[in-house]
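In case you want the letters, here they are:
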Protein chains: 2
Amino acid sequence: MDKPHMSGTDTTAQAAGRPTLKTIAFMTGLGVTTVSRALKDAPEIGEETRRRVQLVARQVGYRPNRAGVRLRTGKTNVISLVLNTEEQIGGFVSDMIYGISEHLAQTPYHLIVTPYSRNNDPLEPVRYVVETGSADGIIISRTEPDDKRVRYMLERGFPFATHGRTEIGTEHAFHDFDNYAFARDAVKKLADLGRKRLALLAPPSTLSYHHHMRNGFVDTMAEIGFAEVPFNAVTVDHSIEQIRARTLQLMQRPNRPDGIVSGAGGATFALVAGIEDAGLKVGKDIDIVSKQSAKLLHLFRPELFVVNEDVRLAGRELARSVIACIDGEPAGSLQSLSQPGPVLARGE
Amino acid sequence: MDKPHMSGTDTTAQAAGRPTLKTIAFMTGLGVTTVSRALKDAPEIGEETRRRVQLVARQVGYRPNRAGVRLRTGKTNVISLVLNTEEQIGGFVSDMIYGISEHLAQTPYHLIVTPYSRNNDPLEPVRYVVETGSADGIIISRTEPDDKRVRYMLERGFPFATHGRTEIGTEHAFHDFDNYAFARDAVKKLADLGRKRLALLAPPSTLSYHHHMRNGFVDTMAEIGFAEVPFNAVTVDHSIEQIRARTLQLMQRPNRPDGIVSGAGGATFALVAGIEDAGLKVGKDIDIVSKQSAKLLHLFRPELFVVNEDVRLAGRELARSVIACIDGEPAGSLQSLSQPGPVLARGE
DNA sequence: GGCAACATCTGTAACGTTACAGCTTGCGGC
DNA sequence: GCCGCAAGCTGTAACGTTACAGATGTTGCC
């Protein structure tokens with residue numbers, strides 16, 4: 001009533017809009033600062049006051065204004081998922097998004113999708129987010145051994161998590177599928193089936209997991225004493241038509257493979273089509289072990305052997321990691337490697 | 001030098017951080033207000049000043065602080081895509097996201113993904129976004145004829161666009177695929193192939209496009225004089241296992257269909273599996289016309305007939321519409337219906 | 001010369017939040 | 001009775017932006 005700095009009409013009425021700290025301050029008769037502190041359980045607020053404020057806040061459905069917090073503190077409460085918009089076929093991306101969302105739902109974080117197309121520099125969206133501070137953390141995929149995006153974020157101390165590992169000395173948060181183990185198990189399976197001339201349909205050689213998968217393949221081949229049938233003309237990232245055409249060529253060669261390890265479900269569709277174009281039959285002339293994220297391959301050709309990759313799990317893990325990274329946890333504890341399940345035959 | 005209200009250290013040095021209006025104001029010697037107005041081409045700014053300000057802004061790489069704008073104006077420059085996290089198989093969602101992103105890339109808008117799981121109320125994420133003002137516009141899918149989300153947003157005048165139409169009197173922005181035309185073309189194709197006992201694997205009956213597809217199917221059947229073989233036990237949203245099992249049952253019935261129209265590519269995988277479980281063969285005992293968004297069906301079974309739905313295009317259209325809606329354009333002009341392409345046989 | 005009209009620019013306040021530096025009050029010690 | 005201290009609360013300023021209400025100077029007109 002007699003305070004000198006009463007700010008205008010505020011005591012008269014609270015607007016019908018969303019409640020703010022001021023609303024609660026007015027209702028409780030406290031200062032805005034006190035309310036702010038009470039809501040975040042600051043120590044110098046009395047026990048009763050704290051409870052009173054929190055009660056009122058809950059009653060009126062108070063939610064902090066994100067713009068206010070962001071402007072004041074710089075904290076955006078946003079995670080950015082950086083995506084290549086020409087990502088391969090197979091629903092991979094939706095599962096990743098769902099996985100991330102599942103974890104973020106329990107947090108104040110929102111998920112924003114920051115895309116880039118193939119002709120753009122992959123660094124560009126990352127730089128954009130970091131420079132404009134439009135997120136507190138970034139998740140990237142398609143990681144390379146010497147990934148410049150990773151270097152960029154490490155240099156700037158910007159929190160992030162990668163789907164896939166790097167060869168960079170500095171530790172950072174990642175989640176990865178053990179593609180070495182996958183290729184090893186796949187080769188062993190094909191060997192068990194009596195196959196001897198094996199080929200690998202690998203990811204692009206620029207990506208980290210190309211090397212893991214290839215090493216797993218090569219090491220196990222060497223162990224068993226097999227020689228590889230080279231198949232480097234295409235990768236799992238090529239178009240259906242390209243993979244199909246190249247596979248046809250491969251299968252028409254004199255020493256065509258009798259077993260193939262395929263790094264992606266989508267590519268396996270094209271692979272099988274190419275094999276059948278050559279008049280050969282999966283399960284008879286050749287066996288295939290393929291990784292898949294959507295569970296469609298056994299419907300496609302029951303003779304295929306599959307290993308499931310749980311991308312949704314990867315999304316959850318990455319979300320967890322990037323938030324822990326934001327909270328300052330050491331990167332060493334934010335690394336996880338998901339082991340492949342068993343190689344599955346039809347109906348398993 | 002002699003201004004009374006010089007605010008502290010600002011004249012001393014500009015921090016190394018991101019440039020703000022104050023930075024540019026200092027560099028040009030102008031006031032913050034002038035800079036702000038000059039950058040948005042306000043009329044009362046001199047031609048030369050405007051150019052000078054814009055030049056400097058470009059040079060220093062000025063980008064408006066989103067939190068500042070949002071706090072002051074309430075404009076978030078965010079579009080929210082509301083998604084069901086148990087969305088069906090087939091990469092549908094990624095294409096939608098890519099399509100939206102493609103359009104948003106040319107705008108200041110960011111895309112945020114707001115998920116909800118099946119057990120939640122679909123209205124909940126919409127209410128959250130509207131109440132907290134966390135976006136300027138919303139895109140929803142899985143539209144129902146009397147969609148409460150649509151009613152909610154219409155009542156509040158909140159900008160949105162729907163993937164799919166409603167039966168609600170008030171006009172609103174939407175993009176839809178003409179599923180009536182699809183079903184009509186599909187039935188005609190099957191009739192041309194000499195098939196007579198047709199069934200429909202439709203979307204869930206709660207969704208708008210269930211009715212469009214079913215009407216197209218029923219009307220065309222009536223026109224030709226065919227009677228439908230009922231197949232209502234499952235929808236395209238059911239699990240692979242369920243569709244497969246029910247299809248097996250269907251195909252073991254005495255008057256099993258010799259033609260099926262399938263509303264989704266993912267479901268068609270299960271459908272074909274069920275048919276083959278019954279010992280029948282697609283293209284011989286039965287023909288199928290299926291819609292698809294990923295182009296995998298012809299690899300799966302070349303005997304299938306397919307109609308492609310361009311979900312990426314839908315994403316672009318929806319993004320365009322929702323932004324136009326935000327800009328106040330009348331909803332009537334923001335409605336588009338995408339016509340199905342021809343029914344394609346193998347390799348076409 | 002006086003004055004209105006105009007073009008161009010400016011400062012202040014506010015959006016909602018939090019860091020910071022205070023301000024009271026009560027209480028124990030001397 | 002006074003001091004110091006702690007507990008508990010408070011106001012002010014600032015984050016970057018824009019709406020608004022001026023301020024300044026210049027031009028043209030009588």
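Our subject is the structure listed above.
Keep in mind the model is a prediction, meaning the values are calculated, not measured. (Residues numbered from 1 in each chain as written. Chains lettered and ligands numbered in written order. Predicted model: local features only at pLDDT ≥ 70, side-chain atom pairs only at ≥ 80, totals over all residues. Heavy atoms only, no water.)

Novice: Can you walk me through the relation of the copies chain B and chain A in this structure?
Specialist: The two copies are related by a screw operation: chain B maps onto chain A through 180° of rotation and 0.0 Å of translation along the axis, at an RMSD of 0.1 Å. Expressed as a symmetry operation, the mapping of one chain copy onto the other fits a two-fold axis. Of the residues that chain B buries at the interface, 100% are likewise interface residues in chain A, meaning the two copies contact each other through the same surface. (Least-squares fit on C-alpha atoms with pLDDT ≥ 70 in both. Contact = heavy atoms within 4.5 Å.)

Novice: What is the right way to look at the interface of chain B and chain A in this model?
Specialist: For an interface, size is often stated in terms of accessible area lost upon the parts coming together. On the side of chain A, 39 residues touch chain B, which itself brings 39 residues to the contact. Counting the surface lost from both chain B and chain A, the interface buries some 3,500 Å², and carbon and sulfur atoms represent 67% of this. Inspection of the region where chain B meets chain A yields zero salt bridges. Remark: the boundary between chain B and chain A carries ten residue pairs in polar contact (both at pLDDT 80 or more). Elements represented by at least two residues in the side of chain B that touches chain A include exactly helix 4 (66-73), strand 1 (78-84), helix 5 (92-104), strand 2 (110-116), helix 6 (123-132), helix 10 (240-252), helix 11 (265-277) and helix 12 (297-300) of chain B. The residue inventory of the side of chain B that touches chain A, partitioned by class, reads 19 nonpolar, ten polar and ten charged. Pairing between strand 2 (residues 110-116) of chain A and strand 2 of chain B: three bridges, direction antiparallel. (Buried area = accessible area lost by both parts, 1.4 Å probe. Salt bridge = Lys/Arg side-chain N within 4 Å of Asp/Glu carboxyl O. Polar contact = N/O pair within 3.5 Å; in protein donor to acceptor, adjacent residues only side chain to side chain. Helix = DSSP H or I, 4+ residues; strand = E, 2+ residues; numbered from the N terminus. Nonpolar A, V, L, I, M, F, W, Y, C, P; charged D, E, K, R; others polar. Pairing = 2+ DSSP bridges.)

Novice: Explain the nonpolar core here, please?
Specialist: Within soluble globular proteins, side chains that are nonpolar generally end up buried alongside one another. Membership of the largest hydrophobic core comes to 60 residues, with the highest contact counts inside it found for A:Ile275 and B:Ile275. Of all the secondary-structure elements, those providing two or more residues to this core are strand 6 (198-201), helix 10 (240-252), helix 11 (265-277) and helix 12 (297-300) of chain A together with strand 6 (198-201), helix 10, helix 11 and helix 12 of chain B. Excluding residues within four positions of it along the chain, A:Ile275 makes contact with A:Thr247, A:Met251, A:Ile260, A:Leu280, A:Val282, A:Ile286 and A:Ile288. Judged by nonpolar contacts, the second largest core, of 50 residues, contains A:Leu81, A:Ile97, A:Leu334 and B:Leu81. (Core = buried A, V, L, I, M, F, W, Y, C linked by side-chain atoms within 4.5 Å. Buried < 20%, exposed > 50% of the residue type's maximum accessible area, 1.4 Å probe, protein only.)

Novice: Just to check I follow, could you spell out the pairing of strand 8 (residues 287-292) of chain A for this structure?
Specialist: Note on strand geometry: in a regular strand, side chains alternate between the two faces of the sheet. Residues and elements named next belong to chain A. For strand 8, the buried fraction is high: six of the six residues fall into the buried class. Here strand 8 shows a buried face lined by Asp287, Val289 and Lys291 and a second buried face lined by Ile288, Ser290 and Gln292. Pairing of strand 7 (residues 259-262) with strand 8, which is carried by four bridges, proceeds in the parallel orientation. Across the sheet, the residue bridging to Gly259 is Asp287, located in strand 8. In the classification by handedness, the crossover that spans strand 7, the intervening helix 11 and the parallel strand 8 is right-handed. In this sheet, strand 9 (residues 305-308) lies alongside strand 8 in parallel orientation, the contact comprising four bridges. When the sheet's bridge partners are listed, Lys291 is paired in strand 9 with Val307. (Right-handed = clockwise from strand over helix to strand, strands pointing away.)

Novice: Just to check I follow, could you spell out the layout of surface pockets for this structure?
Specialist: It is the rolling of a water-molecule-sized probe over the atoms that shows where space remains empty. Taken as a whole, the second largest pocket spans an internal volume of roughly 1,700 Å³. Around the second largest pocket sit 49 residues that line it, and A:Tyr128, B:Arg63, B:Pro64, B:Arg66 and B:Pro108 are the ones nearest its centre. Those elements that place two or more of their residues in the lining of the second largest pocket are helix 4 (66-73), strand 2 and helix 6 (123-132) of chain A together with helix 2 (32-39), helix 4, helix 5 and strand 2 of chain B. Ranked by the residues each element gives to the lining of the second largest pocket, the list is headed by helix 4 of chain B, at seven residues. Residues that form the lining of the second largest pocket fall into these classes: 19 nonpolar, 19 polar and eleven charged. (1 Å grid on protein atoms, 1.4 Å probe; cavity = no way out; pocket = protein on both sides within 12 Å on 5 of 7 lines; lining within 4 Å. Points joined across faces, edges and corners; volume = space filled by probe spheres on them.)

Novice: Honestly, empty space enclosed by the protein in this entry has me stumped. Any pointers?
Specialist: One pass over the full model with this rule turns up five cavities of 30 Å³ or more. Estimates place the volume of the largest cavity at around 130 Å³. If you trace the largest cavity, you find it lined by A:Arg66, A:Arg70, A:Val78, A:His110, A:Ile112, A:Ser134, B:Arg66, B:Arg70, B:Val78, B:His110, B:Ile112 and B:Ser134. Contributing elements (two or more residues each) for the lining of the largest cavity: helix 4 and strand 2 of chain A together with helix 4 and strand 2 of chain B. By residue class, the composition of the lining of the largest cavity is four nonpolar, four polar and four charged.

Novice: Help me out: how do you make sense of the pairing of strand 1 (residues 78-84) of chain A in this one?
Specialist: Residue and element names in this part refer to chain A. Most of strand 1 sits out of view: seven of its seven residues are buried. Both faces of strand 1 are covered, namely the face carrying Val78, Ser80, Val82 and Asn84 and the face carrying Ile79, Leu81 and Leu83. Of the strand pairs in this sheet, strand 1 and strand 2 are connected by seven bridges, and their pairing is parallel. If you follow Leu81 over to strand 2, its bridge partner there is Val113. Taken together, the four bridges between strand 1 and strand 3 (residues 137-140) define a ladder with parallel strand orientation. Paired with Leu81 across the strands is Ile139, a residue of strand 3.

Novice: Is there a simple way to explain the protein's contact with DNA strand C in this structure?
Specialist: Residues in close proximity to DNA strand C total 27 residues, the closest being A:Lys40, A:Tyr62, A:Arg72, B:Thr34 and B:Thr49. The sugar-phosphate share of atoms of DNA strand C within 4 Å of the protein amounts to 62%. A:Ser36 places a side-chain nitrogen or oxygen 2.6 Å from a phosphate oxygen of DNA strand C. In the model, a phosphate oxygen of DNA strand C is placed 2.4 Å from a nitrogen or oxygen of the A:Tyr62 side chain. For the surface near DNA strand C, the secondary-structure elements that each account for two or more residues are helix 1 (21-28), helix 2 (32-39) and helix 4 of chain A together with helix 2 and helix 4 of chain B. It is helix 4 of chain A that contributes the most residues to the surface near DNA strand C, four residues altogether. (Near = heavy atom within 4 Å.)

Novice: Would you mind going over the side chain of A:Arg50 with me for this structure?
Specialist: Residue and element names in this part refer to chain A. One can find Arg50 in helix 3 (residues 47-60). A polar atom in the side chain of Arg50 sits 3.2 Å from the backbone oxygen of Ala42. Those residues within four positions of Arg50 in sequence are excluded, and the remaining contacts are Ala38, Asp41, Ala42 and Ile45.

Novice: Just checking my understanding: could you explain the environment of B:Ala42 for this structure?
Specialist: All names here are of chain B. Structurally, Ala42 can be placed in the loop between helix 2 and helix 3 (47-60). Using a relative accessible area of 7% as the deciding quantity, one classes Ala42 as buried. Each C-alpha atom of the pair Ala42 and Thr170 lies 36 Å from the other, and the pair is 128 residues apart in sequence. Excluding residues within four positions of it along the chain, Ala42 makes contact with Arg37 and Arg50.

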